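# Summary of structural features
Given next are the chains, with one letter for each unit.
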Amino acid sequence: MVSSTSTPEHAWFRPVRDVRSGFNLAAWDVRIIAEAAIAIALAAALGQLRLFTMPQGGSVSLEMLPLLFLAARRGLGPAMIAGGLYGMVQLILPGAFIFHPAQAALDYPLAFAAVGVAGLVRPATWWRLSVAVALGMGGRLACHFLSGLIFFASYAPDWEAPWLYALTYNLLYLAPEAVITALLLWPLLKAYEAAFPAGPVDGRLSGQGRSRGR
Amino acid sequence: MGRGPTIGQYFPGDSWLHRLDPRAKIVATVALAIALFTRDAWAALAVYATLAAVGLVVSRVPPSFVWRGLKPLVWLLVLTFVAQLFFARGEPLAELGPLRITREGLETAGLLSVRLVVLVVIGLLLTVTTPPIPLTDGLAWLLRPLRAIRVPTEELAVMVTIALRFIPTLLAEVQSIMMAQRARGADFSHGGPIRRARALVPVLVPLFIISFRRADELALAMEARCYEPGQRRTRLHPLRAGRRDAVLGVIVAAAIGVAAVI
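It should be emphasised that the depicted structure is a prediction, and the values quoted were computed from it without experimental measurement.

### Brief notes about the overall build of chain B
Looking only at helices and strands, one finds 10 helices and two strands in chain B. Seen in sequence order, chain B has helices and strands lined up from the N terminus as α-α-α-α-β-β-α-α-α-α-α-α. For chain B, the C-alpha radius of gyration of 24 Å lies well beyond 18 Å, the compact-globule estimate for 262 residues. Overall size of chain B, expressed as C-alpha extent along the three principal axes, is 65 × 55 × 40 Å. For chain B, with 262 residues in total, the buried portion stands at 41%. Averaging the locations of the 30 positively and 17 negatively charged side chains of chain B gives two centres separated by 4 Å.

### Quick look at the overall build of chain A
Secondary structure summary: chain A contains seven helices and two strands in total. Out of the 214 residues belonging to chain A, those deemed buried represent 58%. Entry remark: accessible area of chain A is about 8000 Å², with carbon and sulfur atoms responsible for 67%.

### Points about helix α9 (residues 201-224) of chain B
Its 24 residues give α9 of chain B an end-to-end C-alpha distance of 34 Å, which sits within 8% of 34 Å, the value for a rise of 1.5 Å per residue. All of the buried residues along α9 of chain B are V203, L204, V205, L207, F208, I209, S211, F212, A215, L218, A219 and M222 of chain B. Residues of α9 of chain B that are buried sit in contact with α2 (30-47), α3 (64-74) and α7 (162-195) of chain A together with α7 (153-183) of chain B.

### Concerning the interface of chain A and chain B
Facing 57 residues of chain A, the contacting portion of chain B comprises 67 residues. Where chain A abuts chain B, roughly 5700 Å² becomes buried across the two surfaces, and 80% of that area is made up of carbon and sulfur atoms. For the pair chain A and chain B, the number of links is one salt bridge. Between D216 of chain B and R31 of chain A there is a salt bridge, with the nearest N and O atoms lying 2.6 Å from each other. On inspection of chain A and its partner chain B, the count reaches one residue pair in polar contact (both at pLDDT 80 or more). Counted by class, the side of chain A that touches chain B contains 48 nonpolar, four polar and five charged residues.

### Looking at a nonpolar patch on the surface
Residue and element names in this part refer to chain B. Together, W67, V74, V78, F81, V82, L93 and L106 line one region of the surface with nonpolar side chains, adding up to about 600 Å² of accessible area. The dominant element in the nonpolar patch, judged by the number of residues it contributes, is helix α4 (residues 74-87), at four residues. Along the chain, V74 falls in helix α4.

### Digging into the pattern of salt bridges
All names here are of chain A. Counted according to the given criterion, the structure contains 10 salt bridges over all chains. When the shortest N-O distance is used, the salt bridge between E177 and R140 registers 3.1 Å. With E177 in helix α7 and R140 in helix α6 (residues 126-155), this residue pair connects regions lying 37 residues apart in the sequence. Considered together, E177 and R140 belong to a single accessibility category, that of buried residues. One network of salt bridges, with partners in common, ties together E35, R73 and R74.

### Structural notes on the side chain of D29 of chain A
By the element assignment, D29 of chain A lies in the loop between α1 (16-21) and α2. In terms of polar contacts, D29 of chain A uses its side chain to reach the backbone amide nitrogen of R31 of chain A, at 2.8 Å.

### Structural notes on unusual backbone geometry
Residues and elements named next belong to chain B. The backbone of R150 shows a phi angle near 65°, a positive value even though the residue is not glycine. Mapping R150 onto the fold places it in the loop between α6 (132-142) and α7. According to the relative accessible area criterion, R150 is exposed, its value standing at 71%. A positive phi is found at C226, a non-glycine position, where the angle reads about 65°. Its location among the elements puts C226 in the loop between α9 and α10 (243-261).

### A word on α7 of chain B
Residue and element names in this part refer to chain B. Helix length check: α7, at 31 residues, gives a terminal C-alpha distance of 45 Å against a target of 45 Å (1.5 Å per residue), a fit within 8%. I167 marks the point of greatest bend in α7, at about 40°, and the proline P168 comes within the next four residues. Phi turns positive one or two residues past the end of α7, at G185, with a value near 100°.

### Details of the environment of P162 of chain A
All names here are of chain A. Considering the arrangement of structural elements, one finds P162 in helix α7. Take P162: its relative accessible area is 23%, and that puts it in the partly exposed class. Apart from the residues within four sequence positions on either side, P162 is in contact with L149 and F152.

### A few points about the confidence of the model for chain A
Residues and elements named next belong to chain A. Taken residue by residue, chain A gives an average pLDDT of 82. The fraction at 70 or more is 80%. Below pLDDT 50 for its whole length, residues 1-5 participates in 12 contacts with residues either more than four positions away or in separate chains. Low pLDDT (under 50) marks residues 200-214, which in the prediction has 50 contacts with non-local residues, meaning those over four places away or in another chain.

### Overview of the packing of aromatic side chains
The full count for this structure, using the stated rule, is 10 aromatic pairs over all chains. The interplanar angle of 85° and the centroid separation of 5.3 Å between the aromatic rings of F69 of chain A and Y192 of chain A together place this pair among those described as edge-to-face. Taken together, the residues span a long stretch of sequence, with F69 of chain A in helix α3 and Y192 of chain A in helix α7 at a distance of 123 residues. By relative accessible area, Y192 of chain A is classed as buried at 7%. Note on Y165 of chain A and Y169 of chain A: the rings are 6.2 Å apart at their centroids and 20° apart in plane angle, and the pair reads as stacked. You can see Y165 of chain A and its partner Y169 of chain A sitting in helix α7, four residues apart, about one turn around the helix. In textbook terms, an aromatic cluster arises when at least three aromatic residues are bridged by ring pairs, as seen for F69, Y192 and F196 of chain A together with F208 and F212 of chain B.

Cut-offs and rules
- Residues numbered from 1 in each chain as written.
- Chains lettered and ligands numbered in written order.
- Predicted model: local features only at pLDDT ≥ 70, side-chain atom pairs only at ≥ 80, totals over all residues.
- Heavy atoms only, no water.
- Helix = DSSP H or I, 4+ residues; strand = E, 2+ residues; numbered from the N terminus.
- Rg over C-alpha atoms; globule rule 2.2 N^0.38 Å.
- Buried < 20%, exposed > 50% of the residue type's maximum accessible area, 1.4 Å probe, protein only.
- Lys, Arg positive; Asp, Glu negative; His and termini not counted.
- Charge placed at Lys NZ, Arg CZ, Asp CG, Glu CD.
- Areas by Shrake-Rupley, 256 points an atom, 1.4 Å probe, with all protein chains shown as cover.
- Expected span 1.5 Å × (residues − 1).
- Contact = heavy atoms within 4.5 Å.
- Buried area = accessible area lost by both parts, 1.4 Å probe.
- Salt bridge = Lys/Arg side-chain N within 4 Å of Asp/Glu carboxyl O.
- Polar contact = N/O pair within 3.5 Å; in protein donor to acceptor, adjacent residues only side chain to side chain.
- Nonpolar A, V, L, I, M, F, W, Y, C, P; charged D, E, K, R; others polar.
- Patch = residues over 30% accessible without salt bridge, like charges linked within 9 Å, V, L, I, M, F, W, Y side chains within 5 Å.
- Bend = angle between axes of the 7 residues up to and from the residue.
- pLDDT = per-residue confidence, 0-100.
- Phe/Tyr/Trp six-rings, centres within 6.5 Å; stacked < 30°, edge-to-face > 60°.

Structure follows, in structure tokens:
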């Protein structure tokens, strides 16, 4: 399995080879499959806890936290795949909101897969982790923004400046969610590392202790 | 939270719709959704609305349960209706200052709203009569052709199945950790957003540690049972399609055919 020891510690991004092998699910360690599955379940559980609802609709929850946690630990591939699957799971949970096939794809699987973009950055410091969270949020924002445009195109075609409305609506709940998630993620990662000193935090794809075929 | 033991929108039952093969139901739902979007005439809509209504009766799901699924749509319906009503161009019916209700606006507003409700009811019939795990199995089976372009559908289905299995467990975990921290004096409901988020750290740390330790144990258990990513798996409950599913196919095909010609 690819190891990232060859890249210098100060590198901002994960090595391309790690990123590429992250999408090859058949070569994943069973541990990553289990972690991704648990991250999806955790996201769904935390998604039920609404921190607060914005006055114009759209609510702030911690559902992104497990996905970003996975992105920090395992990198782009596992995080994007888990995010996409979490989006699919959401579609069958109560409260899913569908009015157009393209909107359903953009608002759920694609939006949460885009959160996994955070996995590009190696979260070595608090600052880099915040950049990673911002990247993930940007990806999600782009998807919700596009779906907003589709909404206006199909349900209110004569509305003026729909892009402005779609952008502000989504930013108004995504920005606080990003800030809160970034604030919580760093202490969480540190606490996890302290509890499991052996666990790979850098996103190496092979499990530390056990590996397949032994 | 506190929605009881079932997750998702599944309503346990033994109706004709419940006993259908999940694959048949998924195909029927997708076909009907596409058909709804390709032909939006009142007559065609009436056919699909009738079909959805019959489905609701056959499924024997209580109306309150269906309403729960429809509730999030209400504001969208209102918004659509108002937007169409006032912003569509056409022959004016009534004027109210700068606002103008047109015939065309009224018609599109009605059409879009009815189509939306029918679409959601049809989707709801699928998720209400199919438990999440058979739904995942069915979806994975239908996506099997994608394996040809090396999409690992089997492994994806495994992840979703595990996730669905653990959602109720982890929800219970969240609640018990929150209770434990409240008992020690934690306060989750006061202060600004940042303070409230900070208050959650003592909940999230044990939650993540417990959850990911569980993932580790799960991986060990899977390995002990010779689970290998990339290998073929067999199932405890293989999916079996029967005559019932053929009947559903005929009904849906007939409805789409009728809607296309009238």
